[in-house]
Structures are given as C-alpha cells and as structure tokens.
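Here's the letter readout for the chains.
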Amino acid sequence: MGLTSSVLAIDAGNSKTDVAVVAADGAVLATARGGGFRPPTVGVETAVDVLADAVGRAYAAAGVTSVAHVSACLANADLPVEEERLAAALHARAWGAGVEVRNDTFAILRAGVAEPRGVAVVCGAGINCVGMRPDGRTARFPAIGRISGDWGGGWALAEEALWHAARAEDGRGEPTALARTLPGHFGLDSMYALIEALHLEHVELRRRHELTPVLFRTAAEGDAVARSIVDRLAEEVVAMAAVALTRLDLLADKTPVLLGGSVLAARHPQLDDGVRRLLAERAPNAAPRVVTAPPVLGAALLGLDHVGAAPEVQERVRAYYEG
C-alpha cells in the first residue's frame, strides 16, 4: 500500500546510506542502512541498486510499497544536471509519486535548522557549502575539487601535509614535525620511506585519510607548518560561508551557519576557534554551530517541507532522531 503525504527520506554518502519511511503524521515507520553511494565509480544504476536494497528493507518493515514523495540527499550530486539524472533514475524505481534529489550537504543544513533557512559548510573527505531560504532560493558551489576552486577536506589536508613534510625532509621547505609524525603513523622512519610506500601501494591509497588526525595532533603540539595548514582551512570554511550568505542576502540578518562533516564535527580547538573568529569578522550576524543530528533527519524534513507538513509533524520526526 502507499501512504498519503508520506515521505521516503534518503541520505546517501560515499561510505553509507540511511533511509527512513515517515508517515503523514510524522511517525518514523521504519529505517534501514545500506552501503555507500558512488555513481562516479560504479555507474548510476549500480549505485541506485545500493539504495534499492536499503529502501526495500525499510518498505518491508513499514508495510508499504510506495510513498507520496521521495526526498533524496545524495553524495556526488554536485551539479544540477547530476541531480536531474539521479532524480530520473530514482523515479524509474517507482518508490514514490514524486522525487526530489539534492546534494547531501542540504541534508546537513536542514537537520540543523528549524526552518529551511541558513548556510551549511561540510568538511569531511572533501569540502562543500550550501545555503537556502524558505522562498526556495539556494546558494551552492560545484565542489568538484581544485578545478572548481576548492581546497580543504580530509584528502586535501593529508596531501598538503605530505607535501610540506617531504620538502622539509629533503631541504626544499622549512622544518616541520610532520616529517616525523606522518611516517611515524605507519611505523616508518622517514618521509622517503612513506613516499615509497604510498607510491608502490604498500600503504593503500585509501589510508591517506588517516593522516588528517595526525596533522591536527601535530598542529596542537605547536608545529608552525601544521598550524598554518589548519589556519588555511579555517579561511576556506569562512570564505565559502560568507559568499553563500552574501548570495542569499542574509549577511545582514541573524542567520545560522551549520558546520558538519567529520573534520568540523571533531571540534579541533584551533580550527573551531579560527572559524568562529573569522566568521565574526566577516559575517558578524552569523550564528555558527556544529550539527550533531543525523543527516537523514534533514532529508526527511526537506520532504515534509515539500508536502506542506505542519510544524508539529516536523517536530515529531525531529524528536525521533534527537530524543
């Protein structure tokens, strides 16, 4: 059976997928978790198959076969044309009468605000920023990497740390403890040994992300080079937020700026203090805070916005996830 004004919420990241079936009265009927959503790697249909597994389990638990609206916040939906293609792929699965696909950063933003109004900066493996107003206006960035002007995120931080450490060891750059702490993380005694291990894949490429916490620990111990990298990330976070606020004419208004993703949610003191200090200088009316609610809540609330759900309905869903 289907449910009038019910919502299927999907939050799909690179590493995992969360789905929820939400009834018209805001009751969460069922949830499920699935694998990562990686269409650039496996293709759109195979990636959607991963979603289908989780959706199928949630529908079976909820006792439904379709909903009124599918609200999907997906990683790798970085451009409007990609959102349109993914929406078509989801619509073909007939999970609901309507389908709306957004970048997964919108889920983090909506999870952290009482109404669809504000800006969110997410820094995990990569970095992204979005903003929205209740009238439907949005601000966003392509967030594809260096070709779209981006710098930041765990991968970029690890790469930057490696670059400085390599140059410190061979004399091209200034001294830094990173030349010792980065290889030491893998039980190696030099940057040369780490470069060789990475190049020959004795240390798998995916393990580079382990160096980001090492960078922050080295910065916390006072290393000037490591601290400069963290300061640069704070600058990037605030630059994105300030631009999004300006585009949405929210710079002069008291506006929430949500900080999410593994790097920002870790609340590293230097980064956290730097972001708040710079934001106070460039956007004095911004109200920064770290989002702790699960992003699938944001996907559900966006879906309920779409079907015109009453505030008490939205609060019931929020209470389910936030206790």
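Just so you know, these numbers come straight off a predicted model, no measurement behind them.

Asker: Help me understand the overall build of the protein in this model?
Answerer: In terms of helices and strands, the protein carries 13 helices and ten strands. Its C-alpha atoms give the protein a radius of gyration of 21 Å, near enough to 20 Å, the size a compact globule of 323 residues would have. Oriented by its inertia axes, the alpha-carbon framework of the protein measures out at about 70 × 45 × 35 Å. Counting every position in the protein, which comprises 323 residues, the buried fraction comes to 51%. Taking as baseline every contact in the protein between residues at least 6 positions apart, the subset at least 24 positions apart corresponds to 67%. Carbon and sulfur atoms provide 52% of the accessible area of the protein, an area that totals close to 14,200 Å².

Asker: Would you mind showing me how to read the nonpolar core here?
Answerer: Soluble globular proteins: nonpolar side chains tend toward being buried together. Membership of the largest hydrophobic core comes to 55 residues, with the highest contact counts inside it found for Leu178, Leu182, Leu233 and Leu271. Of all the elements, helix α9 (residues 224-247) adds the most residues to this core, at twelve residues. Look past the residues within four positions of leucine 178 in its chain and what remains in contact with it is Ala161, Ala165, Pro183, Leu215, Thr218, Asp223, Val225, Ala226 and Ile229. The next biggest cluster of nonpolar side chains, apart from the first, holds 29 residues, and it includes Ala20, Phe106, Ile108 and Leu301.

Asker: Honestly, the packing of helix α5 (residues 153-170) against helix α8 (residues 211-220) in this entry has me stumped. Any pointers?
Answerer: Contact geometry for α5 and α8: axes closest at 8 Å, N-to-C directions at 60 degrees. The angle between the axes of α5 and α8 places the two elements in the oblique class. Classified by chirality, the crossing of α8 by α5 is left-handed. In this structure, α5 uses Gly154, Leu157, Ala158, Ala161 and Leu162 to contact α8, whose residues at the interface are Leu211, Thr212, Leu215 and Phe216. Looking at the contact of α5 with α8, its residues break down into seven nonpolar, two polar and no charged.

Asker: Even after reading the chapter, I still don't get the environment of alanine 24, so can you show me in this structure?
Answerer: For alanine 24, the position within the fold is in the loop between β2 (17-22) and β3 (28-34). In sequence terms alanine 24 and valine 307 are 283 residues apart; their C-alpha atoms lie 9.1 Å from each other.

Asker: Looking at this structure, I do not really get α8. What am I missing?
Answerer: The buried count for α8 comes to seven of ten residues, which makes it a mostly enclosed element. Backbone geometry just downstream of α8 places glycine 222 in the positive-phi region, at approximately 105 degrees.

Asker: Whenever I open this one, the packing of aromatic side chains confuses me. Can you help?
Answerer: Both the distance between ring centres and the angle between the ring planes are used here to describe each pair of aromatic rings. In this structure the tally under the stated criterion is one aromatic pair. On the numbers, 4.9 Å between centres and 80 degrees between planes, the contact of tyrosine 320 with tyrosine 321 is edge-to-face. One residue, arginine 102, lies across the ring of phenylalanine 106, its end atom 5.3 Å from the ring centre. Between arginine 232 and the ring centre of tryptophan 151, over which it is positioned, the NZ or CZ distance is 3.9 Å.

Asker: What should I look at first to understand the pattern of salt bridges in this one?
Answerer: Proximity of charged atoms lets side chains of opposite charge pair with each other. Summed over the entire model, instances satisfying the criterion amount to 21 salt bridges. The shortest N-O distance in the salt bridge between arginine 172 and aspartate 170 comes to 2.8 Å. Note on arginine 172: relative accessible area 54%, which makes it exposed. Put simply, arginine 267 and aspartate 272 hold a salt bridge, and the shortest N to O gap is 3.3 Å. Connected via shared salt-bridge partners are Lys16, Asp18 and Arg33.

Asker: Any chance you could explain the packing of helix α12 (residues 295-306) against helix α13 (residues 311-322) here in plain terms?
Answerer: When two helices pack together, you describe them by how their axes are tilted relative to each other and by the distance separating the axes. Between α12 and α13, whose axes approach to 10 Å, the crossing angle comes to 170 degrees. Considered as vectors, α12 and α13 are oriented roughly antiparallel to each other. Residues Val296, Leu297, Ala300, Leu301, Leu304 and Asp305 of α12 form the contact with α13, whose participating residues are Val313, Gln314, Val317, Arg318, Tyr321 and Glu322. Residue classes in the contact of α12 with α13 are distributed as eight nonpolar, one polar and three charged.

Asker: Sorry, what's going on with the environment of leucine 279 here?
Answerer: Along the chain, the position of leucine 279 falls in helix α11 (residues 269-282). Among the residues examined, leucine 279 registers a relative accessible area of 2% and is labelled buried. Placed 37 residues apart in sequence, leucine 279 and alanine 242 show a C-alpha to C-alpha distance of 7.7 Å. Among all residues touching leucine 279, those that are not within four sequence positions of it are Val238, Ala241, Val257, Pro284, Ala286 and Pro288.

How each quantity is defined
- Residues numbered from 1 in each chain as written.
- Predicted model: local features only at pLDDT ≥ 70, side-chain atom pairs only at ≥ 80, totals over all residues.
- Heavy atoms only, no water.
- Helix = DSSP H or I, 4+ residues; strand = E, 2+ residues; numbered from the N terminus.
- Rg over C-alpha atoms; globule rule 2.2 N^0.38 Å.
- Buried < 20%, exposed > 50% of the residue type's maximum accessible area, 1.4 Å probe, protein only.
- Contact = heavy atoms within 4.5 Å.
- Areas by Shrake-Rupley, 256 points an atom, 1.4 Å probe, with all protein chains shown as cover.
- Core = buried A, V, L, I, M, F, W, Y, C linked by side-chain atoms within 4.5 Å.
- Axes fitted to C-alpha atoms, helices over the stretch in contact; angles between N-to-C directions.
- Parallel < 35°, antiparallel > 145°, perpendicular 65-115°, else oblique.
- Left-handed = near helix turned anticlockwise from the far one by under 90°.
- Nonpolar A, V, L, I, M, F, W, Y, C, P; charged D, E, K, R; others polar.
- Phe/Tyr/Trp six-rings, centres within 6.5 Å; stacked < 30°, edge-to-face > 60°.
- Lys NZ or Arg CZ within 6 Å of the ring centre and 35° of its normal.
- Salt bridge = Lys/Arg side-chain N within 4 Å of Asp/Glu carboxyl O.

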